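Structure assessment
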Amino acid sequence: MNYQIPFLDLSVKDPIIKKELLESVSNVLTHGRLVLGPEVEMFEKLISEYCGVKYTVGVNSGTDALYLALRSLDIGPGDEVITTPLSWIATVNSIVLCGAKPVFVDITNDLTINNNLIKEVISSKTKAILPVHFTGRLCDMDQLSEIANQNGLYLIEDAAPAFGASYRGAKAGSFGHVSAFSMNPMKVFNGYGEAGAVVTNDTNIYERLMSLRYAGTINKEDCQEPSLNGRIDTVQAAMMLVGFKYLQNKIVKRREIASYYNNTLGDSVICPKEHDGYFNVYYTYTIIADRRDDLQEHLISKGIETKIQHPILMPYHAAYKNSNKINIPVAENLVNRILCIPSHENLTKQDIRHVANTIRGFYGKQKI
Ligand SMILES: *Cc1c(COP(=O)(O)O)cnc(C)c1O
């Protein structure tokens with residue numbers, strides 16, 4: 001179906017940006033270092049500076065970033081990792097592929113892990129807490145850091161969708177012992193294909209990550225432990241160096257759209273809240289709506305594409321159905337009410353007005 005207002009628009013509209021992107025690719029083709037080339041180092045340095053961390057390791061995808069982050073902390077068989085049930089499945093896949101066991105803790109209305117329930121599930125096997133900055137909104141990192149420190153646990157941020165988000169000026173990725181980003185094309189800071197990054201302040205973790213990214217080798221030859229090929233293409237890094245210049249504008253635009261929706265939809269649905277000191281990047285603008293499925297149908301009929309991220313809670317995927325009994329009533333309720341509405345930076349004022357009025361109309365509210 002051809003939507004009048006698509007959920008996302010990944011085409012590059014601005015001719016100047018398009019030209020810069022093509023030039024960056026051309027430079028890579030000229031020097032010919034196609035994987036882990038000089039632009040990768042520049043990209044890693046840029047991310048470290050921006051996020052306020054010592055080290056960045058560019059990788060193939062956010063999934064790789066998560067998996068290698070866990071591996072770099074020696075998380076494996078016999079270990080438990082506490083996480084949220086509501087995320088892209090890569091979060092739990094990475095835990096399980098390391099051989100560890102995920103332990104799910106319910107969420108709050110913010111759609112992120114409920115910190116108050118974490119202590120109850122900490123056991124002698126717990127090795128790490130893996131919160132997800134779902135929708136591009138930071139979890140309560142002060143409290144999470146405190147829980148992790150008090151219990152001698154690692155804190156790993158799944159910051160995949162939250163590059164650029166911050167809490168009191170500290171950026172996503174800078175709170176964890178190690179943190180993972182995705183730069184897949186859907187993310188706010190995106191590659192033009194698959195890409196990701198792992199960040200840390202710890203020299204040992206960094207060195208381990210460098211080896212794990214390269215089949216577990218040192219000196220690119222001697223394998224110390226089995227691992228994958230997590231290397232990043234130079235072309236992706238080169239194009240993201242261009243994209244980075246325009247990132248702040250995109251975030252500003254998304255925040256303006258969010259603020260418009262907050263002002264126009266608050267009497268119809270539950271809008272995402274930005275708590276004091278937090279700066280969200282609105283990877284998605286996710287509302288909590290009554291009669292969600294009917295609303296989604298109604299929006300489709302008016303040419304508006306929406307998405308449910310994600311319709312199946314992680315523990316309920318076929319791959320994980322036989323896991324232990326879990327108690328996640330809030331997530332079970334919210335998963336039937338969440339809806340991501342278009343909020344990308346290419347939308348016009350008329351577009352977002354149309355979205356807002358269509359939602360208002362569905363709930364019998366006056367047009368604005
Ligand atoms: C996008 C995303 C991932 C995975 O990133 P990929 O680059 O697609 O592998 C993991 N976790 C969350 C929360 C994400 O949003």
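The residue numbers shown here count from 1 along each chain, following its written sequence. Selection of residues for local features in this predicted model requires a pLDDT of at least 70, selection of side-chain atom pairs for listing and counting requires 80 or more, and totals for whole chains, interfaces and linings are taken over all residues. Hydrogens and waters are ignored; side-chain quantities use all the structure's heavy atoms.

1. Looking at empty space enclosed by the protein
In plain terms, the rule: Cavities and pockets are found on a 1 Å grid laid over the protein atoms alone: a cavity is a set of points where a 1.4 Å probe fits but cannot escape, a pocket is an open set with protein on both sides within 12 Å along at least five of seven lines, and a lining residue has an atom within 4 Å of such a point. Grid points are joined across faces, edges and corners, and a volume is the space filled by probe spheres set on the points.
With the rule as written, the count across this model stands at one cavity of 30 Å³ or more. In this structure, the largest cavity occupies an estimated 70 Å³ of space. Contributing to the lining of the largest cavity are F7, L8, M186, R254, Y283, T284, Q309, S343 and H344.

2. A look at helix α6 (residues 141-150)
Note: α-helices contain 3.6 residues per turn, so residues at a spacing of three or four share the same orientation. To be explicit about the condition: Burial status follows relative accessibility: with a 1.4 Å probe on protein chains alone, a residue under 20% of its type maximum counts as buried, one over 50% as exposed, and anything between as partly exposed. Strands here mean DSSP runs of E at least two residues long; helices mean DSSP runs of H or I at least four residues long; both are numbered from the N terminus. Starting at the helix axis, one direction is taken to each C-beta atom, and the arc is that of these directions. Between two residues, a contact is recorded if the distance between any of their heavy atoms is within 4.5 Å. Identification of polar contacts relies on pairs of N or O atoms within 3.5 Å, with a donor-acceptor requirement for protein atoms, meaning one able to donate a hydrogen and the other able to accept it, and with residues adjacent in sequence counted only if both atoms are side-chain atoms.
Among the residues of α6, M141, L144, I147 and A148 are the ones counted as buried. The buried residues of α6 occupy one face: seen down the axis, they fall within an arc of 125°. Structural note: α6 exposes N149 and Q150 on the side pointing more than 90 degrees away from its buried face. Contact partners of the buried residues in α6: α5 (118-121), β4 (126-130), β5 (154-158) and β12 (278-279). Between a side-chain oxygen at the N-terminus of α6 and the backbone nitrogen of D142 the separation is 3.3 Å; the capping residue is D140. Remark: G152 follows α6 within two positions and exhibits a positive phi of approximately 60°.

3. Let's talk about the sheet that holds β12
So the rule is basically this: One bridge is not enough; two strands pair if DSSP finds at least two bridges between them.
Strand order in this open sheet of three strands is β7-β6-β12, and the pairing throughout is antiparallel. Two strands bound the open sheet, and with one partner strand each, they are β7 (170-171) and β12. Direction of pairing for strand β6 (residues 166-167) relative to β12: antiparallel, over a ladder of two bridges. Looking at β12, one finds that Y167 is bridged to Y278.

4. Overview of the pairing of strand β14 (residues 338-341)
Successive side chains on a regular strand alternate, one facing one side of the sheet and the next facing the other. Neither face of β14 is left uncovered, since the one carrying I338 and C340 and the one carrying L339 and I341 both have all their residues buried. Bridge analysis of strand β13 (residues 285-288) against β14 gives four bridges, and the strand direction is antiparallel. The partner of I287 across the bridge, within β14, is L339.

5. Section: the layout of surface pockets
What counts, and what does not: Classification convention: Asp, Glu, Lys, Arg as charged; Ala, Val, Leu, Ile, Met, Phe, Trp, Tyr, Cys, Pro as nonpolar; all other residues, Gly among them, as polar.
In this structure, the largest pocket spans a volume of roughly 500 Å³. For the lining of the largest pocket, the residue count by class is ten nonpolar, six polar and seven charged.

6. Some points on the sheet that holds strand β3 (residues 101-104)
So the rule is basically this: For helices, the fitted axis covers only the stretch in contact; all axes are lines through C-alpha atoms, and the angles between them, taken along N-to-C directions, range from 0 to 180 degrees.
Pairing is mixed in the open sheet, where seven strands are placed in the order β1-β9-β8-β5-β4-β2-β3. Only two strands of the sheet have a single partner each, and these edge strands are β1 (55-59) and β3. Averaged over all neighbouring strand pairs, the angle between strand axes comes to 25°, with direction disregarded. In this structure, β1 lies alongside strand β9 (residues 196-200), joined through five bridges in antiparallel fashion. From the neighbouring strand, V57 faces β9, where its bridge partner is V198.

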